[in-house]
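# Residue-level structure breakdown
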Amino acid sequence: MNDPQAVTQQIMQQQLMTIGLAMLAVIIAPFAGGFLAGLDRILTARLQGRKGPPVWQPFYDVFKLLGKNQITASRMQLVWMYAYLAIMVFCLIFIALGLDMLLTVFLLGFAGVCLVLGGFSSKSPYSHFGANRELVQMLAYEPVLLLMALAVYFQNKTFLISRIYDSNEPLMYSMWPIFIALVIIITIKLRKSPFDFSTCHHAHQEIVRGILTEYSGSYYALFMIAEWYEIIILLWLVALFWAVPLWVGVLIALAVYFLEMFIDNIAARMTIGWMVKYSWVAAMVLCMTNLVYLFIKRGVF
Amino acid sequence: MGLIEASRLKSPWILHYDTGSCNGCDIEILACLTPLYDIERFGMVNMGNPKHADVLVCTGALNKRSARVLKNLYEQIPDPKLVMVVGTCAISGGVFHNCYNVAGGADKVIPVDVYVPGCAARPEAIIDGVVKALGRLAELQEVARGKKSA
Ligand code: SF4
């Protein structure tokens, strides 16, 4: 057993396993995300008393878009869209491999920046409007994600996500206020009503299509795929709060997603200033209280 | 039939442009979105952006000012695209056909694939028109594929 060669082999095997799992996550995530988006459309339709499209509608949309002609106003825009998708994929790999939580949050932030820069790189005033609004949205949600990473550090004395998978006490016990804050900001991050400012899923007439106005054909499809990755990443972050038997976490994540859809359907759009106030006051107070509690309970450093 | 070609028939996104309608036809088009007719069943979504649209739905008599806007919108829609005109006005100018500012039907400036008559066209007729348009798209795809293989 103590044979060093056997031990290295075991470690190698374990690493291969995790890498395989991460690859699997990257492949499965868009399908799961698209499926969830389809469920969203059906549920929305049912809540409005309609029949709604088939579950696979988002996939039809993406495949159709992939086959459309390319019309682009600026090259740079496309670079940022590719970057947005690539960083989302990296983010997912980071979470799947159990790497650094702080870095994951930064990557998510950078993905948002890519989208904003993409919006700013065309001359369309609609897309500029959308990009400005996306910036304000980032201002509203980014601090909460950072504080969440910090709280994980206070709790586990490390930023590593793998530690969350290994620990025997769910984060939910000591971090439920941050969980609530996360649920609040997921509405902003998924661009759901009442916070669908930069671009929105339903009322397409509002500032045309916001930040996405200038994307057409397959580049719009790229955005949709990236958005599906984003759904999975955010729900995975939610699931981390109960990672000990992971299926509980998955159930919680699904419940949160359905709650978001429900809020999306019952809420009217608020003003952008209200969003910042709301997220900074409600979510930040929850986060700060939680951090102080963890600080007292655990001590830091 | 390839995945992309099949998907095209299942997800026609609609851009609605009013070239000078009395608003009767527009309201009928919006009625298609309501729970009673629910065209989202067929994957149709009303888009506000020509760059995302597949089907240009045009209502109302074409007047001389809206003609160039219509042409511009048509050019902004990426291929493959379809055009559907709804209502007698959009087909020929209808009751406005001899007015000094009316140029006629939408087909004076852009190629039209499907005509849906009626004043105002009923939602059932409009849905039927979209189905016809998709049938035409399927036909065009067949032809294109035939050319490719030959
Ligand atoms: S066809 Fe009739 S209802 Fe439609 S725009 Fe013309 S006048 Fe109005």
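Summarised in this report is the structure supplied together with it. (Residues numbered from 1 in each chain as written. Chains lettered and ligands numbered in written order. Predicted model: local features only at pLDDT ≥ 70, side-chain atom pairs only at ≥ 80, totals over all residues. Heavy atoms only, no water.)

A separate point is the overall build of chain B. When its secondary structure is counted, chain B shows five helices and seven strands. In chain B, the succession of α and β elements from N to C terminus is α-β-α-β-β-β-α-β-α-β-β-α. Since a compact globule built from 150 residues should have a radius of gyration of about 15 Å, the 15 Å found for chain B is in line with a globular shape. The C-alpha extent of chain B, read off along each of the three principal axes, is 50 × 35 × 25 Å. Sorting the 150 residues of chain B into buried and exposed places 51% on the buried side. If you take every contact in chain B between residues at least 6 apart in sequence, the share linking residues at least 24 apart comes to 81%. Element-wise, carbon and sulfur atoms account for 59% of the exposed surface of chain B, whose accessible area totals about 7,000 Å². Put simply, chain B has 16 plus and 15 minus side-chain charges, and the middle of one group is 7 Å from the middle of the other. (Helix = DSSP H or I, 4+ residues; strand = E, 2+ residues; numbered from the N terminus. Rg over C-alpha atoms; globule rule 2.2 N^0.38 Å. Buried < 20%, exposed > 50% of the residue type's maximum accessible area, 1.4 Å probe, protein only. Contact = heavy atoms within 4.5 Å. Areas by Shrake-Rupley, 256 points an atom, 1.4 Å probe, with all protein chains shown as cover. Lys, Arg positive; Asp, Glu negative; His and termini not counted. Charge placed at Lys NZ, Arg CZ, Asp CG, Glu CD.)

Right, let's get into the site of the ligand. All names here are of chain B. Taken together, S21, C22, G24, C25, G87, T88, C89, G118, C119 and A120 make up all the residues around the ligand. Counting residues per element, the ones that place at least two in the shell around the ligand are α2 (24–33) and α4 (88–92). Across the shell around the ligand, the residue classes break down as five nonpolar, five polar and no charged. (Near = heavy atom within 4 Å. Nonpolar A, V, L, I, M, F, W, Y, C, P; charged D, E, K, R; others polar.)

Residues and elements named next belong to chain B. For strand β3 (residues 55–59), the buried fraction is high: five of the five residues fall into the buried class. Taking every second residue as pointing to the same face, both faces of β3 are buried, with V55, V57 and T59 on one and L56 and C58 on the other. Judged from the five bridges that link them, strand β1 (residues 13–18) and β3 form a sheet pairing that is parallel. Note that in β3 the partner of D18 across the bridge is T59. Note: β3 against strand β5 (residues 82–86), five bridges, orientation parallel. (Pairing = 2+ DSSP bridges.)

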